[in-house]
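In case you want the letters, here they are:
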Amino acid sequence: MSSSVLSSVDQRTKLVGENRLELLMFQLGTRHVFAMNVFKIKEVINVPKLNIMPGSHYNLKGVMNYRGSSIPIIDLRQAIKMRGTSTEETAKNVIITEYNRSVQGFIIGNVKNIVNTSWGSIQPPPSAIGKSNYLTAITQVNIEGKQELVEIIDVEKVLAEIIDYDTSISEEVLDKEIVNHFAGKKVLIVDDSSTARKQIKDTLEQLGVTIIERKNGAEALSLLKKWADEGKNPTDEILLMFTDAEMPEMDGYRLTSEVRGDPRMSDLFIALNTSLSGSFNDAMVEKVGCNRFISKFQPDMLVDVAQQRMREYLESTNNK
């Protein structure tokens, strides 16, 4: 690994560990400003020549050769159901991204700039806009001397509508001696994407566990502290917690750090489940003290983590 890559990893580790992020601002042919996390972006290129795939999903504009592989190119404007001017007139660039261990491109309009900000300034979308929206968060950013509302897109939802996610669990992964013990146990899922929460929920409910959902680290920490304040042990209330890394208000790394710093809940089993990938995630897991790290979306890995935790739980109760 080159020193430049290492320094990049180090910088990103520091940025994420401090509840901070970088956003790439862009437009989709209107005045609205949208954003994606820079960590998930490999590069931005001019719109390339695309090979059309007959019979493919209507949001797919085609495929392109990218560094020796064919990757799908998605019409982002169409995917989030924007009305008005057609993409053909507004297409200027393609953002190449890596989400959930896959690489894909999104057709966008003009690129504005990159903003370094804090997850604390990122807010969940207002509930009034309903569940059919394609946003995970909103924020206010100073662009060219003016405060602009920026909408952060739920890319996982966009992808889930194109790719059918299989939540089935491989038979060989299931530990028959462990599975029967899940009935009545609760698991906390923390993720700002409703799509990601549903994927985990649909997987783990097959084990017989009850799912509790929270949309960000601040909401999850509030729940855990509420239990602790009531004299309950959070580790008795839930078997484990799966948390995303990137979330409005408080990211998963900060959430984990806060939990580890509170003696009333410091032994909670925490698994980071994130669409981010790369060396800096491993560094952050070690830094904040998660029990496991898995990249989305892997049903068998989710089950493997839950079974690992159940084995530890049964061992500790047998030793009491």
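On a predicted model such as this, the values are computed, not experimentally measured, just so you know. (Residues numbered from 1 in each chain as written. Predicted model: local features only at pLDDT ≥ 70, side-chain atom pairs only at ≥ 80, totals over all residues. Heavy atoms only, no water.)

**Q** Please clarify how the overall build of the protein should be interpreted in this entry.
**A** Summing up its helical and strand segments, the protein has 11 helices and 15 strands in all. Over its C-alpha atoms the protein spans a radius of gyration of 21 Å, differing by no more than 12% from the 20 Å that the globule rule assigns to 320 residues. Principal-axis analysis of the C-alpha atoms places the extent of the protein at approximately 70 × 50 × 45 Å. Looking at the protein as a whole, 49% of its 320 residues qualify as buried. (Helix = DSSP H or I, 4+ residues; strand = E, 2+ residues; numbered from the N terminus. Rg over C-alpha atoms; globule rule 2.2 N^0.38 Å. Buried < 20%, exposed > 50% of the residue type's maximum accessible area, 1.4 Å probe, protein only.)

**Q** I'm lost on the packing of helix α6 (residues 194-204) against helix α11 (residues 299-318) in this one. Help?
**A** Running from N to C, α6 and α11 cross one another at 60°; their axes reach a closest spacing of 10 Å. In this structure, α6 meets α11 at a crossing whose hand is right-handed. Of the residues in α11, those touching α6 at I200, T203 and L204 are P299, L302, V303 and A306. For the contact of α6 with α11, the per-class residue count stands at 6 nonpolar, 1 polar and no charged. (Axes fitted to C-alpha atoms, helices over the stretch in contact; angles between N-to-C directions. Left-handed = near helix turned anticlockwise from the far one by under 90°. Contact = heavy atoms within 4.5 Å. Nonpolar A, V, L, I, M, F, W, Y, C, P; charged D, E, K, R; others polar.)

**Q** Looking at this model, I keep getting lost on empty space enclosed by the protein. Mind explaining?
**A** With a probe scaled to a water molecule rolled over the atoms, the places where space remains empty come into view. What the rule picks out here adds up to 3 cavities of 30 Å³ or more. Estimated volume of the largest cavity: approximately 180 Å³. Lining the largest cavity are 17 residues; nearest its centre among them are K40, T136, I152, D192 and E246. If you list the elements that add at least two residues to the lining of the largest cavity, you get β1 (20-26), β2 (33-37), β9 (135-143), β10 (146-153) and α4 (155-160). (1 Å grid on protein atoms, 1.4 Å probe; cavity = no way out; pocket = protein on both sides within 12 Å on 5 of 7 lines; lining within 4 Å. Points joined across faces, edges and corners; volume = space filled by probe spheres on them.)

**Q** How do you make sense of the packing of aromatic side chains when you look at a structure like this?
**A** Aromatic rings in a pair are described by how distant their centres are and how their planes are angled relative to each other. In total, this model carries 2 aromatic pairs according to the counting rule given. Centre to centre, the rings of F26 and F34 are 6.4 Å apart; their planes meet at 25°, and the pair counts as stacked. There is no split in this pair, since F26 and F34 are both buried. Here the aromatic rings of Y165 and F297 are separated by 5.8 Å at their centres, their planes lie at 80°, and the arrangement is edge-to-face. Here the residue Y165 occupies a position in the loop between α4 and α5 (176-179), and F297 occupies one in the loop between β15 (292-295) and α11, the gap between them amounting to 132 residues. Relative accessible area serves as the criterion here: at 8%, F297 is assigned to the buried category. (Phe/Tyr/Trp six-rings, centres within 6.5 Å; stacked < 30°, edge-to-face > 60°.)

**Q** Mind showing me how you'd approach the confidence of the model for the protein here?
**A** Mean pLDDT for the protein: 87, with 90% of residues reaching 70 or above. Of the regions scoring below 50 in pLDDT, residues 1-9 engages in 4 contacts with residues more than four places distant in sequence or in other chains. (pLDDT = per-residue confidence, 0-100.)

**Q** Just to check I follow, could you spell out the packing of helix α7 (residues 217-229) against helix α9 (residues 252-260) for this structure?
**A** Geometrically, a packed helix pair is captured by the angle between its two axes and the distance between the axes. Packing of α7 against α9 brings their axes to within 9 Å, and their N-to-C directions diverge by 20°. Between α7 and α9, the angle is such that the two are roughly parallel. Note that α7 runs across α9; the crossing there is right-handed. Contact residues: α7 offers G217, A220, L221 and L224, while α9 offers L255, E258 and V259. Here the residues of the contact of α7 with α9 are counted per class, giving 5 nonpolar, 1 polar and 1 charged. (Parallel < 35°, antiparallel > 145°, perpendicular 65-115°, else oblique.)

**Q** Whenever I open this one, the pairing of strand β14 (residues 270-274) confuses me. Can you help?
**A** For a regular strand, side-chain orientation follows a simple rule: the groups alternate between the two sheet faces. The element β14 is largely enclosed, with a buried count of 5 among its 5 residues. With burial as the criterion, each face of β14 is covered, one bearing I270, L272 and T274 and the other bearing A271 and N273. The pairing of strand β13 (residues 240-243) with β14 spans 3 bridges and is classified as parallel. Its bridge partner being in β14, F242 is matched across the sheet by A271. Following the chain from β13 across α9 to the adjacent parallel β14, one finds a crossover that is right-handed. Note: β14 against β15, 4 bridges, orientation parallel. Each bridged residue has a counterpart across the sheet, and for L272 the counterpart in β15 is F293. (Pairing = 2+ DSSP bridges. Right-handed = clockwise from strand over helix to strand, strands pointing away.)

**Q** Even after reading the chapter, I still don't get the sheet that holds β14, so can you show me in this structure?
**A** To summarise the sheet geometry, strands pair through backbone hydrogen bonds and adopt either a parallel or an antiparallel arrangement. Strand order in this open sheet of 5 strands is β12-β11-β13-β14-β15, and the pairing throughout is parallel. The outermost strands of the open sheet, each flanked by one partner alone, are β12 (210-214) and β15. Taking the axes of each pair of neighbouring strands and ignoring which way they run, one obtains an average angle of 20° across the sheet. Sitting on the sheet, α11 touches β13, β14 and β15, and the angle it makes with β15 is about 165°.

**Q** Which parts of the structure should I look at to understand unusual backbone geometry?
**A** The general pattern is negative phi for most residues beyond glycine and trans for most peptide bonds. Across the junction of K296 and F297, the peptide omega takes the value -20°, indicating a cis bond. You will see that R67, though not glycine, has its phi angle at about 50°, which is positive. Position of R67 among the secondary structure elements: in the loop between β4 (60-66) and β5 (69-75).

**Q** How should the pairing of β9 be read in this particular structure?
**A** Of all 9 residues that make up β9, 7 are buried, and the element is covered over most of its length. As judged from the 8 bridges shared by β9 and β10, these two strands associate in the antiparallel manner. In the sheet register, V141 faces β10, and the bridge partner there is E148. Two successive antiparallel strands, β9 and β10, enclose a turn made up of 2 residues, where E144 displays a positive phi of approximately 55°.

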